[in-house]
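Observations on the model geometry
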Amino acid sequence: MAEVTNTGHEQRQIRVEKLKNMEAKGINAYPQIYRPTDTSASLREKYASLPNDTQIDDVVKVAGRVRAVRNSGMFIDVYDATGKIQIYTSLEQATESMKEMLGFLDIGDIIGVEGTVRRTKRGELSVASRQITMLAKSLLPLPEKFHGLTDTDTKYRQRYLDMIMNPETTETLIKRSNIITAIRQLLLGKGLLEVETPLLHVIKGGATAKPFITHHNALDMDLFLRVAPELYLKRLIVGGLPGVFEIGRNFRNEGIDTRHNPEFTMMEVYRQYNDYTDMMTLFEQIVETACMAVNGSLEIELNGRKINLKGPYPRRSMADLVKEYTGVDFMSIQTDEEARAAAKELHVAVTDDTDWGHCLAAVFEEKCEDHLIQPVHVIDHPKSISPLTKEHRNDPRLVERFETFINTWEMCNAYSELTNPIDQRARFEEQVKAREAGDDEADMMDEDFVTALEHGMPPTGGLGVGIDRLIMVLTSNPSIRDIIAFPTMRKK
RNA sequence: GAGUGCGUAGCUCAGCUGGUAGAGCACCUGACUUUUAAUCAGGUGGCCCUGGGUUCGAAUCCCAGCGCGCUCACCA
């Protein structure tokens, strides 16, 4: 190597040269297979009682990524998914091919090592190498070992680097998977059927949200990426399935912040002959099960605050909470005009056509949500903000709905599902009016769904859980981008 | 979408009221069978995010743009 230069690009060049040299010597730097016999964890377990400065004859094969090289290759730190394995190489005993391989090694390479088990003088369990095999030559330098990778942009765009450098990132992603698995098993154990419904919707429905629009060429038809699976899952209930759930992606064309990603994971459950109170119990079980699966306890700490996830959670009506935090009793307010006046009195912005229900909801959002740290079911929402929910059995202004709040975040949304087709059509018509008045989040008329209801849907309880939010709570991550492996990023 | 902070070596960061850039790690050369962020000596490495402007002179000041963070708005 004549000239030695050292930009990132040139560090790569040096490694490419090594790769060429390896190939010239007939070494495949990207072999088809290598089968380790042990992991870092299995060795630590098996040889826990091996004394210092002792070597035994057991031959093992381990594999992982080179993270540090000390003493010209005498000590190499290799990491696999279970942790560190130190590789010890005695130059006196090393074969020529091993010495040659040491010369090719760089931090970041993935290698396999065959050797005997040894604990060094300093007490580090090691593999005394007999043979080192290149499993994947790394051509690019890793971030600095001590400070790691902190640049958020790089962490999100090159998540694999974040995972290599920051174990807690990997841990969070594993917890995410375990949470979803735990929830799935809980629901399957209750006899619910996991189903899949369309992501491409002809009509936007199931939630008040702005959709992404795409186009099908052969049909020459615009389609919406779903904002919610609700209307299809209910059709399956009409069809006679007693209970279904779906865990999958929803897409909403809205802002991005620490709690919102344009695509996010929603779980929805529908169960016949259930009402919203059954869904409250179900949600408590989901939270408890998921929390135990990853934390082993129901006490968690978030933003320095202790939160107890043990159910049952208190049930507080929206109007009741508004009364508690503002002193205003919306249930005693009869007209829209009075409701608007009450909202304005509380400095909550409303327009001249905001109705009683929207006023109540707006006041709740502004004045109450921030207080809801410990889990609480906020129940009995106003009818006008709930187009898919059955009227409350005791009050026609309300519906049988709840949203559970934890850490001020809305974690779920659940109803006694509206099954009356005449009522449903009227609610859709209200939505259409709102839509024509400029509310592009309002629902569209879904005739096909109304037709399904006209055939008869049994009383049904439904529950939608924001899985990402739940994972944020259960892993104590304040940003949704830290619990989604590949969050949506601007084009660079 | 608005406000605000940030953008300097592969990574983590310094860089004063303007005077053409520095450290640690990584990398290269050498020493050392000794280690745990190994150590020691020597070295390489920069479109200072991009484009304009002010100035004799800009990483630094001004304007615009791009990207990221945070807060707010919309929302789960």
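Model, not experiment: these values are computed from the prediction.

1. Notes on helix α11 (residues 356–367)
Taking 1.5 Å of rise per residue, the 12 residues of α11 would be expected to cover 16 Å, and the 16 Å separating its terminal C-alpha atoms lies within 8% of that figure. Along α11, the positions that sit buried rather than exposed are Trp356, Gly357, Cys359, Leu360, Ala361, Ala362, Val363 and Phe364. Looking at the buried positions of α11, the neighbouring elements they touch are α9 (318–326), α10 (336–345), β15 (376–379) and β16 (401–406). The N-capping residue of α11, defined by a side-chain oxygen 3.1 Å from the backbone nitrogen of Gly357, is Asp355.

2. Quick look at the packing of aromatic side chains
Throughout the structure, instances matching the rule amount to three aromatic pairs. Seen from their ring centres, Phe75 and Tyr88 are 5.7 Å apart, and the 55° between their planes marks the pair as tilted. One end of the pair, Phe75, is in strand β2 (residues 75–80); the other, Tyr88, is in strand β3 (residues 83–88), and 13 residues separate them in sequence. A cation over a ring is seen here: Arg118 above Tyr88, with NZ or CZ 4.3 Å from the ring centre.

3. Focus on the sheet that holds strand β7 (residues 200–201)
Reading across the sheet, the three strands line up as β7-β9-β8 and stay open at both edges, with antiparallel pairing between neighbours. The sheet terminates laterally at β7 and β8 (213–216), the two strands that pair on one side only. Where β8 meets strand β9 (residues 221–225), four bridges bridge the pair, whose relative direction is antiparallel. In the strand pairing of β9, His215 is matched with Asp222.

4. Digging into the environment of Tyr232
Take Tyr232: it is sitting in helix α7 (residues 230–238). Take Tyr232: its relative accessible area is 24%, and that puts it in the partly exposed class. In sequence terms Tyr232 and Asp106 are 126 residues apart; their C-alpha atoms lie 53 Å from each other. Once residues within four sequence positions are removed from consideration, Tyr232 is found in contact with Thr197, Pro198 and His201.

5. Some points on the protein's contact with RNA strand B
Taken together, 54 residues form the shell around RNA strand B, and within it Ser72, Leu91, His260, Arg469 and Arg481 come nearest. Looking at RNA strand B alone, sugar and phosphate atoms form 59% of those within 4 Å of the protein. The contact in question runs from a phosphate oxygen of RNA strand B to an N or O atom on the side chain of Lys145, over 2.4 Å. Here Glu410 contributes a backbone N or O atom positioned 3.1 Å from a sugar or linking oxygen of RNA strand B. A breakdown of the residues in the surface near RNA strand B according to their chemical character gives 14 nonpolar, 18 polar and 22 charged.

6. Some points on the sheet that holds strand β4 (residues 110–119)
Strand-to-strand pairing in sheets goes through backbone hydrogen bonds, with the strands running parallel or antiparallel. In space, the five strands of this closed barrel follow the order β1-β2-β3-β5-β4, with mixed pairing throughout. Strand after strand, the sheet turns through a mean of 50° between neighbouring axes, direction not considered. Note that β2 and β3 share six bridges and pair antiparallel. Paired with Tyr79 across the two strands is Lys84, which belongs to β3.

Reading guide: rules and limits
- Residues numbered from 1 in each chain as written.
- Chains lettered and ligands numbered in written order.
- Predicted model: local features only at pLDDT ≥ 70, side-chain atom pairs only at ≥ 80, totals over all residues.
- Heavy atoms only, no water.
- Helix = DSSP H or I, 4+ residues; strand = E, 2+ residues; numbered from the N terminus.
- Expected span 1.5 Å × (residues − 1).
- Buried < 20%, exposed > 50% of the residue type's maximum accessible area, 1.4 Å probe, protein only.
- Contact = heavy atoms within 4.5 Å.
- Polar contact = N/O pair within 3.5 Å; in protein donor to acceptor, adjacent residues only side chain to side chain.
- Phe/Tyr/Trp six-rings, centres within 6.5 Å; stacked < 30°, edge-to-face > 60°.
- Lys NZ or Arg CZ within 6 Å of the ring centre and 35° of its normal.
- Pairing = 2+ DSSP bridges.
- Near = heavy atom within 4 Å.
- Nonpolar A, V, L, I, M, F, W, Y, C, P; charged D, E, K, R; others polar.
- Axes fitted to C-alpha atoms, helices over the stretch in contact; angles between N-to-C directions.

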